[in-house]
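# Structural features, examined
So the chains spell out like this:
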Amino acid sequence: MSIGNSPEDDRTFPADDRDAIGRTLQQARIAAGLTVEEVSASTRVRIPIVHAIEEDDFSRCGGDVYARGHIRTLARAVGLDPAQLIEQYDAEHGGRPAPTPAAPLFEAERIRPEPRRPNWTAAMVAAIVAVVGFVGFTMFDGNEAPKGTTADGGPAPAPEKATSAAKPKPVKPVAPKPTESAIAAVPQDKVTVKLTAVDGKSWISAKAHDGKLLFDGLLLEGESKTFQDDERIDLVLGNAGAIELHVNGKKVEEKFESGQVERLTYTKGDPEAG
């Protein structure tokens, strides 16, 4: 007895033009010979989130802005062009989102400007000038005598021809050579990172190599924060396009997009070029 084909068996289904974002990232990771743990360690994206993204579940990312940032970071780690995956994500999730405002979350925390450090170089130069001026004044005041008399009050001898000896002149203090800027004068045995909000505000998080939280809050436009550690500084920038970075005295020339989330790590040897 033969069984006839159901009408549903003759239906044709449209082929998917491209793989899901998560599957694309997973296949690229496997092709690169990397484990989820290794990708998590290099990108600072937590293991559960890496697993969720590879399953095309972006609900754990905390919103579209952060999901796009995670996709971009993971794509770079496995050798893919992030632009195509971001375009696919935007097409599947209603277009590119507006930058997530971080202000409502952190408005209660106001960042106090860093106290100005005393300018010891200027103080030392002023002290040297004062000492030299006092010594010069004392020398002239003690050696000069009224015209027509000697130093002991007797009559002055007849004038002689001028000799090569001249009265001592006050010694002018040597001006110190201009020092490098405070940004460049960084310790060589540490990693120093300076962040300045130059084009808007951004939420930032900074951690030391041992996981200690150095800062977690909002950096307003025009404000700066400097962090130091013996080995490594880990950063998360909520609006990377607003931030100007100096690492170990050098400006980081890489340009970030407004609203872009970046996870960055810097050590004593960074940046290699900047």
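Below is a short write-up of the structure. Given the structure is predicted, the values throughout are model-derived calculations rather than measurements.

Another point: the pattern of salt bridges. Across all of its chains, the model carries 7 salt bridges by this definition. One salt bridge in this structure joins D90 and R68, with 3.2 Å as the shortest N-O distance. Of the two residues, D90 is situated in helix α5 (residues 82-92) and R68 in helix α4 (residues 64-77); the sequence distance between them amounts to 22 residues. Of the two residues, D90 and R68, neither departs from the other in class, the shared state being buried. Note that D234 and R232 form a salt bridge whose closest N and O atoms lie 3.1 Å from each other.

Read from one edge of the open sheet, 4 strands run β3-β2-β5-β8, paired in antiparallel fashion. Looking at the sheet topology across the chains shown, the edges are occupied by β3 (213-219) and β8 (262-267). Between one strand axis and the next, the sheet turns through 15 degrees on average, direction left out of account. For strand β2 (residues 202-208) and β3, the ladder comprises 6 bridges, and the chain directions are antiparallel. By the bridge assignment, K207 is partnered in β3 with L213.

Listing the buried residues of helix α2 (residues 36-43) in full gives V36, V39, S40 and T43. End-on, the buried residues of α2 take up no more than an arc of 100 degrees, which puts them together on one face. In the segment just after α2, R44 is the residue with positive phi, at about 65 degrees.

It is worth spelling out the packing of α2 against helix α3 (residues 47-54) at this point. Each packed pair of helices is defined by two parameters, the angle between the axes and the distance between the axes. One can describe the packing of α2 onto α3 by two numbers: an axis separation of 9 Å at closest approach and a directional angle of 115 degrees. Where α2 crosses over α3, the handedness of that crossing is right-handed. In this structure, α2 contributes V36, E37 and S40 to the contact, and α3 contributes I47, V50, H51 and E54. Grouping the constituent residues of the contact of α2 with α3 by class yields 3 nonpolar, 2 polar and 2 charged.

Our focus in this paragraph is unusual backbone geometry. Although it is not a glycine, D56 adopts a positive phi angle of roughly 65 degrees. On the secondary structure map, D56 appears in the loop between α3 and α4. What makes D56 partly exposed here is its relative accessible area of 31%. A positive phi angle, close to 50 degrees, is found at N248, a residue other than glycine. By the secondary structure assignment, N248 is in the loop between β6 (243-247) and β7 (250-251).

Here the focus is the packing of aromatic side chains. All told, the structure shown has 2 aromatic pairs when counted by the stated rule. Ring centres 5.1 Å apart and planes at 80 degrees place the aromatic pair F58 and Y89 in the edge-to-face group. Placement of the pair is F58 in the loop between α3 and α4 and Y89 in helix α5, with a sequence separation of 31 residues. For the residue pair F58 and Y89, the accessibility class agrees, reading buried in each case. Considering the side-chain rings of F215 and F227, the 6.3 Å spacing of their centres and the 35 degrees angle between planes classify their relative orientation as tilted. Pair noted here: F215 is in strand β3 and F227 is in strand β4 (residues 224-229), with a separation of 12 residues, a long-range link. For the pair F215 and F227, a shared accessibility class is recorded, and that class is buried.

With 20 residues, the main nonpolar core has V193, L195, L235, L237, L245 and Y266 as its most contacted residues. Counting residues per element, the ones that place at least two in this core are β1 (191-197), β2, β3, β5 (232-237), β6 and β8. In terms of residue count, β1 provides more of this core than any other element does, 4 residues in total. Non-local contacts of Y266, meaning those with residues more than four positions away in its chain, are made with V191, V193, E231, R232, I233, L235, L245, V247 and V252. Counting residues in each nonpolar core, the second largest holds 19 residues, with V45, F58, A67 and L74 among its members.

Rules used in this analysis
Residues numbered from 1 in each chain as written. Predicted model: local features only at pLDDT ≥ 70, side-chain atom pairs only at ≥ 80, totals over all residues. Heavy atoms only, no water. Salt bridge = Lys/Arg side-chain N within 4 Å of Asp/Glu carboxyl O. Helix = DSSP H or I, 4+ residues; strand = E, 2+ residues; numbered from the N terminus. Buried < 20%, exposed > 50% of the residue type's maximum accessible area, 1.4 Å probe, protein only. Pairing = 2+ DSSP bridges. Axes fitted to C-alpha atoms, helices over the stretch in contact; angles between N-to-C directions. Arc of directions from axis to C-beta. Left-handed = near helix turned anticlockwise from the far one by under 90°. Contact = heavy atoms within 4.5 Å. Nonpolar A, V, L, I, M, F, W, Y, C, P; charged D, E, K, R; others polar. Phe/Tyr/Trp six-rings, centres within 6.5 Å; stacked < 30°, edge-to-face > 60°. Core = buried A, V, L, I, M, F, W, Y, C linked by side-chain atoms within 4.5 Å.

Any functional reading would require information beyond the geometric quantities listed.
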